Structure formats: structure tokens, C-alpha cells
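Structure at a glance
Below are the chains, spelled out letter by letter.
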Amino acid sequence: MNKPVRIAAGIQDLALTINGKAASGAAGYQVNDPATGAPFASAPDATEAQLNEAVAAAKAAFPAWAATPWAERRQMLLAFCDAVEADIETVGSLVAQEAGKPLAKGRAEVMGGLFFARGFAKLELPPEVLRDNADQLVRVERRPIGVVGSITAWNYPALLAMWKIAPALLTGNTLVLKPAPSTPFATLRLGEIGRNIFPKGVFNVLSGGDNLGRWMTAHPDIGKIAFTGSVATGKAIMAAAAPTLKRLTLELGGNDAAIVLNDFDIETQASDLFWAAFSNNGQVCACAKRIYVPEAIIDALAEKFAALAGSVKTGPWDMDGVEVGPLQNRKQFDRVSDLVAEAESYAAPFFKGKVPDGGFFHPITLFKDLPDECRLVCEEQFGPAIALLRYSDLESAIAKANDSPFGLGASVWGKNVDAAMQVAARLDAGNVFVNQHPSMGPEIPYGGVRQSGIGVECGVDGLAEYTNTVVLNVKRG
Ligand code: NAD
């Protein structure tokens, strides 16, 4: 086991935020440091009574918050963003340590979250007048839903939290936010910062186990669940939300295909493609998870990938120069290890990296030519292992790319952008990229098709998902 790394500042004192005040969990639960695999801090384990308290506070705060002008809500959101930025040292190091990513990337994640929140704050959902004549006025209004429950995953705790906080509050909803059990601290810190900015009850943060998510999805006073996580949990949430017919936004898993075309330039493009698969150690919802490569260049690309992989520096969050950390949790480490073991029963990897001992470190592992039924090819790995898959006929590569229950992202890579766009037009996913994977922005809607999700986040469409469409229909004269 690695020796414990430096503890991020303030981690021990972080509390729940309920009705604008700090609240301790009835009990604490141990959170593991991904770099050592050992518990490093305790987080409050919210009880069902505390959830009820938070929902009651959010419900009580809703009418006044919904009636607060959009511009004032936006000002408070921007003040919150400024306060988070002023706290970047703490929030950034909390993200880095709990998620197991290098410190610079933890800070960059927080800044990325702020970039999105500030970008959402530039968007608006004005009423739309459909008829306005002597006889009739018909106006479509976007009104907030009420109490929103947001549940996030562990790969980007701060970014995903900002993706939930900003649109929910901007549109006039109140919020109960739950981070993943293994990455509670940065989100708890965001709750602390919000206490001084938002009116009581508007923004509540509760950490705890999966049960807390179950209580939220069944709660009669929560009107919408905004969820980021796995397909299996998305299905469970949809079922649990049915009795109360909650509104849902589900951002789920993917098994994104990347199709490399014949004119792909290994010298200038291979590094971007490599990082499209390995950024955040492969723990990205929409990143390259299977790569289809023309027969003519697969060996040369494999050689280049091995060289790139060999130069990646892996280590704990607070070590200088580290580019990639461990996997975030034991379950994910075991899953990636299982998928790699199964893939090895088909073919030996052509590259396996070196990683520090202990913790949840998994070596970058590269395969070629695995069969379609190999689990590393047909399931989501969400980790640092991938297969380059040979094709001789572009039609078959397109068919295989589309042949998946997932449909989050897909990409096409080649020097001739027009030719790549023609292939992109035939890929069936919510986000289709050319010569990049992924690329997102606050004004760009983002969501999956098929089992990768329901609804979108970001952009005006993403904001609209936090509202009810209400039609005001007036007979005149
Ligand atoms: P997960 O589904 O196990 O957990 C996600 C969250 O759901 C956690 O907060 C967890 O406590 C909660 N939860 C678990 N069971 C629940 C239940 N029955 N009811 C309500 N809440 C419950 O997912 P994960 O392992 O944390 O995240 C990895 C997955 O998330 C991957 O599949 C990845 O692709 C996906 N993801 C998707 C996106 C996207 O935008 N599409 C972004 C990031 C991650």
C-alpha cells in the first residue's frame, strides 16, 4: 500500500448543508483515498430524517425563490461562482484527492465547472408569444418545477455539481444535491460556500450512501431528478420515480466508438486520439472507448499509442508532474481488472504500462483486434484500457459503431474534415465529434440517445428541462 498522501485542507470539518445551516450526519462513513486504497477521511452519512428536513426546507423556500426575478437569481449564482473561485485552493485539492486526479486537474475541473455555470448564466428562457391579436393572447411560459433532487457520479464531482446547481437555481427551482458516496467532499464544500449566498433552503447538500439516492427518487415532494451515473442506476431511478411521475434528466453511460479514416495523420493526430481515450484515466462519460482503425494504419497507430502510453506519468494527486491518477474506487478498479482479464483470454495486450503499487492504480493497457463479443469492446470500461479494432471496410466500421445499446458520443478522425463529416452524419449518438472527443460548452446541449440517457444538459434545451411548460391562453374582447 502507498503511504498516505497529504490530506486536503479542511476535509475533516465538512458538514451537510440543510436550510442554510451546517448539520452533521448522525454517523460518519469512511471515504477511501484512491491513491492508497485506505480510508483517509470521514463524511457525514445523512439520514432519511435529514433528507426530509432538507426537502421540507427546499419546499418552503421555493415560492419566494421562484418569484425572485431571473436577474437577481443570476446575480446570486455569479456571486456563488466568484466565491468558489476565491476558494479554488481548497475545492481544487478536495476534488483532486477524493477523485484521485492530479492537483492541477482538480483545480482545472473546478474552473471548468465555473466556466459552465457562468455560461449558463448568460442563457435565458423568455416567454414565447404564439398569438397576440385582438381576439387572443397565447404565451408559453417556462416555470420552475419546485424541488429538484440532483444525484452525481464520482468522475468529475465539482463539474457535475456545477452542471446541476446552476441550471436548477437559475430557473427558479430549489435544490437538494447528493454527490457520489466516494467523492462527497468538494460538493459539501460547495454547500458551505452557498450558505452565505443563497436564501435559506434554496441550496441543500447531503452526502451519504446509495440509499440516500433511493429516498430522493421516491420522495413525494421532489418534482424532478437530475441524475448523472450508470445505466443500471438510471433504470432504477426511472422505476422509482414512476409512482410520483417525477421529471427526469438522466445522463448515463456510453461506449463511444471512434472511427479513424484512411487519411488520419498519425504524426499530428495520434496524441489527440490517445487523450480522447485516456484523459481522466478513461473515466469520462463521453470519451473514445473503442477505436476502429483501417487495416493499412493499425500497426503504425498501435506503435504510436504504445509510445504515447509509455510516456504517461501516473501517480497520486499531490505528486509533481503526474498526468493520470488511480481509478477512483475499488469497484471500478475491480471492474476494469475483470474486463482486462477477459480481453487477455482472447489476445495479449500489445502494451501494459507501469503504475505505483497499491491503491486503485491500473496500468494503461492496449489491445488490438479483439472480437466484437469481448466485453472490453461491447461494454463500457470507464478506465485506462482500450482496443484498436481493425477494419477493412468502412461500412462495417460504421455499422459496428452504431450497433450498441449505448448512444452517448461517437467520433470520426481524418485530415479531410468534409469526408469525416459525411461519416459523422451516419453515426447514431447524442454527440458526434470530428477530430476531437469530447468537446462541450455551456451553450451546447449534451445528452445521450438509446440507453445513454433521457433529456439533455447544457444550452437553452438543458435549462428548459428544469421547467414546466405553462401556456397562458387569454380570450380577448
Ligand atoms: P452509479 O450509477 O453507481 O452512481 C451514481 C450516483 O447514483 C451516486 O451518487 C450513487 O450514490 C447514486 N445511486 C446509486 N444507486 C442509486 C439508486 N438506486 N437510486 C438513486 N441513486 C442511486 O454510477 P457511478 O459508478 O458513480 O458513475 C459511473 C457511471 O456514470 C458511468 O457509467 C459513466 O459513463 C456515467 N457518467 C455519465 C455521464 C454523462 O454525462 N452521461 C457523466 C459522468 C458519468
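Before reading further, recall that the structure is shown in the block above.
Read on for a plain summary of the structure. None of these values were measured; they are calculated from a predicted model.

Here we look at the overall build of the protein chain
- Along its length, the protein chain carries 15 helices and 20 strands.
- Taken against the 2.2 N^0.38 rule, which gives 23 Å for 477 residues, the C-alpha radius of gyration of the protein chain at 23 Å falls within 12% of a compact globule.
- Expressed along its principal axes, the backbone C-alpha trace of the protein chain runs to roughly 70 × 60 × 40 Å.
- A buried classification covers 57% of the 477 residues belonging to the protein chain.
- Sequence separation of 24 or more characterises 75% of the internal contacts of the protein chain that already satisfy a separation of 6 or more.
- Accessible area for the protein chain stands at about 18600 Å²; split by element, carbon and sulfur atoms hold 53% of it.
- Charge centroids of the protein chain, computed over 43 positive and 51 negative side chains, lie 6 Å from each other.

Describing the sheet that holds strand β15 (residues 365-368)
- If you walk across this open sheet you meet the seven strands as β14-β15-β16-β13-β12-β17-β18, and the pairing is mixed. Each having just a single partner strand, β14 (351-352) and β18 (431-434) make up the two edges of the open sheet.
- Bridge analysis of strand β12 (residues 257-260) against strand β13 (residues 290-294) gives three bridges, and the strand direction is parallel. By the bridge assignment for β13, Ile-259 is matched with Tyr-292.
- In the packing of helix α11 (residues 330-344) onto the sheet, the strands contacted are β14, β15 and β16 (385-391), and the crossing angle to β15 comes to about 35°.
- Contacts from helix α14 (residues 417-424) reach β12, β17 (409-413) and β18 within the one sheet, and its direction differs from that of β18 by about 160°.

What to know about the environment of Val-31
- Turning to its location among the elements, Val-31 is positioned in strand β3 (residues 27-32).
- Once you skip the residues sitting within four places of it in the chain, Val-31 turns out to touch Ala-38, Pro-39, Phe-40, Ala-41, Ala-43, Pro-181, Ser-182, Pro-184 and Phe-185.

Remarks on the packing of helix α2 (residues 70-86) against helix α6 (residues 185-195)
- Two elements in contact, α2 and α6, have axes separated by 10 Å at closest approach and are oriented at 125°. Judged on the interaxial angle alone, α6 and α2 are oblique. Remark: the crossing between α2 and α6 carries right-handed chirality. Here Phe-80, Ala-83 and Val-84 of α2 come into contact with α6, specifically with Leu-190, Ile-193 and Gly-194.
- Looking at the contact of α2 with α6, its residues break down into five nonpolar, one polar and no charged.

A few points about the site of the ligand
- Close contacts around the ligand come from 26 residues, with Asp-210, Ser-230, Thr-233, Leu-252 and Glu-380 the closest.
- Note that an oxygen atom of the ligand is positioned 2.8 Å from one of the side-chain N or O atoms of Trp-154.
- In the model, an oxygen atom of the ligand is placed 2.8 Å from a nitrogen or oxygen of the Lys-178 side chain.
- When the ligand is considered free in solution it has 850 Å² of accessible area, and contact with the protein chains removes 92% of it.
- Residue assignment for the shell around the ligand shows that the elements contributing at least two residues are α7 (210-218), β10 (224-228) and α8 (231-241).
- For the shell around the ligand, the leading source of residues is α7, giving three residues.
- Counted by class, the shell around the ligand contains 13 nonpolar, eight polar and five charged residues.

So, the side chain of Glu-98
- Inspection of the secondary structure puts Glu-98 in helix α3 (residues 88-99).
- For the buried residue Glu-98, which engages in no salt bridge, the nearest side chain bearing the opposite charge is Lys-101, 8.7 Å off.
- Setting aside residues no more than four positions away along its own chain, Glu-98 makes contact with Pro-34, Phe-40, Pro-157, Ser-182, Thr-183, Pro-184, Phe-185, Ala-186 and Gln-328.

Considering helix α5 (residues 157-170)
- The first and last C-alpha atoms of α5 sit 20 Å apart over 14 residues, in line with the 20 Å expected at 1.5 Å per residue.
- Backbone geometry just after α5 places Gly-172 at a positive phi near 100°.

Concerning the sheet that holds strand β5 (residues 128-132)
- Ordered in space as β5-β6-β20, the three strands form an open sheet in which the pairing is antiparallel. Each end of this open sheet is capped by a strand with a single partner; those strands are β5 and β20 (467-475). Pairs of neighbouring strands in the sheet enclose a mean axial angle of 20°, with direction left out of account.
- Pairing of strand β6 (residues 136-144) with β20 involves nine bridges; the strand directions are antiparallel. Looking at the pairing, Glu-141 lines up with Val-470 of β20.

Reading guide: rules and limits
- Residues numbered from 1 in each chain as written.
- Predicted model: local features only at pLDDT ≥ 70, side-chain atom pairs only at ≥ 80, totals over all residues.
- Heavy atoms only, no water.
- Helix = DSSP H or I, 4+ residues; strand = E, 2+ residues; numbered from the N terminus.
- Rg over C-alpha atoms; globule rule 2.2 N^0.38 Å.
- Buried < 20%, exposed > 50% of the residue type's maximum accessible area, 1.4 Å probe, protein only.
- Contact = heavy atoms within 4.5 Å.
- Areas by Shrake-Rupley, 256 points an atom, 1.4 Å probe, with all protein chains shown as cover.
- Lys, Arg positive; Asp, Glu negative; His and termini not counted.
- Charge placed at Lys NZ, Arg CZ, Asp CG, Glu CD.
- Pairing = 2+ DSSP bridges.
- Axes fitted to C-alpha atoms, helices over the stretch in contact; angles between N-to-C directions.
- Parallel < 35°, antiparallel > 145°, perpendicular 65-115°, else oblique.
- Left-handed = near helix turned anticlockwise from the far one by under 90°.
- Nonpolar A, V, L, I, M, F, W, Y, C, P; charged D, E, K, R; others polar.
- Near = heavy atom within 4 Å.
- Polar contact = N/O pair within 3.5 Å; in protein donor to acceptor, adjacent residues only side chain to side chain.
- Salt bridge = Lys/Arg side-chain N within 4 Å of Asp/Glu carboxyl O.
- Expected span 1.5 Å × (residues − 1).

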